[in-house]
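# Per-entry structural report
Read off the chains here:
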Amino acid sequence: MKARGRKPDPTIDARIKEAAVTLLVTKGMAFTMDEAAAAAGVSRASVFRRYTTKRDMLLDALALALDAQVPETPDTGSLEGDLMVIVTQTLAGVQSPQFAKMTGEIFGEAGRDPGVAEVIRTSMRDKRKRDWAIYDRAIARGELSPDADLWLLSDMVVGLVVYRVLIGLPMPDPAQMVKALIHGFTQ
């Protein structure tokens, strides 16, 4: 017996996800499911078959957007060089006023919605874990103490940037930031 109706379009999922991420980046969290459907060129029903609620779509789009912001782990041959790449990339990623606004909005929402907070936490921790090779190499070269608190070092990079984005302060010079991370503020 021959199947009835059209064959499902295998690109619909990807188009909806791409539309949701684009809307999240351009409009922030205020986009609607109807806007996602229009941007993806699909029906409203197609979106609702994949996402029961806007929050479900938002969480998926947020995870995808955060993952897309993760560059490859550098290997420059030194801890200072690797941190310089990470800090420079991190600072470059938040220089856009639009990105800064969206970051503030998303972190604000994380304070109200545990699901958003979990997506952010998971994404940031996964990125930090991917960068662990930097620390392993630095320990092997004797540049970093084997008992260094690596989570603290990682969090200091991201924490400073997020803090400055949230309260609208200018970003530090990458070289000064790396120097402070590695050597602190002592002479």
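In this text, all values refer to a predicted model and were calculated from it rather than measured experimentally.

## Section: a nonpolar patch on the surface
Nonpolar side chains collect at one region of the surface, where Y163, L166, I167 and L169 lie side by side and expose about 370 Å² of accessible area between them. Relative to the elements of secondary structure, L169 occurs in the loop between α9 (150-167) and α10 (174-183).

## Topic: empty space enclosed by the protein
With the rule as written, the count across this model stands at 1 cavity of 30 Å³ or more. Empty space within the largest cavity amounts to approximately 40 Å³. Forming the boundary of the largest cavity are L83, I86, R128, D131, Y135, S154 and V157. Broken down by secondary-structure element, the contributors of at least two residues to the lining of the largest cavity are α5 (79-93) and α9. Here the lining of the largest cavity is composed, by residue class, of 4 nonpolar, 1 polar and 2 charged.

## Some details on the packing of helix α1 (residues 12-27) against helix α4 (residues 54-68)
Closest axis-to-axis distance for the α1/α4 pair is 9 Å, and the angle between their directions is 80°. Judged by the inter-axis angle, α1 sits roughly perpendicular to α4. In this structure, α1 contributes K17, A20, V21 and L24 to the contact, and α4 contributes M57, L58, D60, A61, L62, L64 and A65. The residue inventory of the contact of α1 with α4, partitioned by class, reads 9 nonpolar, no polar and 2 charged.

## Details of the packing of aromatic side chains
Under the counting rule described, the total for this entry stands at 2 aromatic pairs. Their ring planes at 85° and their centres at 5.4 Å tell us that W132 and Y135 sit as a pair that is edge-to-face. Within this pair, W132 and its partner Y135 are both found in helix α8 (residues 132-141), separated by 3 residues, close to a single helical turn. According to the relative accessible area criterion, W132 is partly exposed, its value standing at 21%. Judged by its relative accessible area of 4%, Y135 falls in the buried class. With a centroid separation of 4.8 Å and an interplanar angle of 50°, the aromatic rings of W132 and W151 are classed as tilted. Here W151 lies in helix α9 and W132 lies in helix α8, a separation of 19 residues in the sequence. Taken together, the ring pairs connect W132, Y135 and W151 into an aromatic cluster.

Definitions and limits used
Residues numbered from 1 in each chain as written. Predicted model: local features only at pLDDT ≥ 70, side-chain atom pairs only at ≥ 80, totals over all residues. Heavy atoms only, no water. Patch = residues over 30% accessible without salt bridge, like charges linked within 9 Å, V, L, I, M, F, W, Y side chains within 5 Å. Areas by Shrake-Rupley, 256 points an atom, 1.4 Å probe, with all protein chains shown as cover. Salt bridge = Lys/Arg side-chain N within 4 Å of Asp/Glu carboxyl O. Helix = DSSP H or I, 4+ residues; strand = E, 2+ residues; numbered from the N terminus. 1 Å grid on protein atoms, 1.4 Å probe; cavity = no way out; pocket = protein on both sides within 12 Å on 5 of 7 lines; lining within 4 Å. Points joined across faces, edges and corners; volume = space filled by probe spheres on them. Nonpolar A, V, L, I, M, F, W, Y, C, P; charged D, E, K, R; others polar. Axes fitted to C-alpha atoms, helices over the stretch in contact; angles between N-to-C directions. Parallel < 35°, antiparallel > 145°, perpendicular 65-115°, else oblique. Contact = heavy atoms within 4.5 Å. Phe/Tyr/Trp six-rings, centres within 6.5 Å; stacked < 30°, edge-to-face > 60°. Buried < 20%, exposed > 50% of the residue type's maximum accessible area, 1.4 Å probe, protein only.

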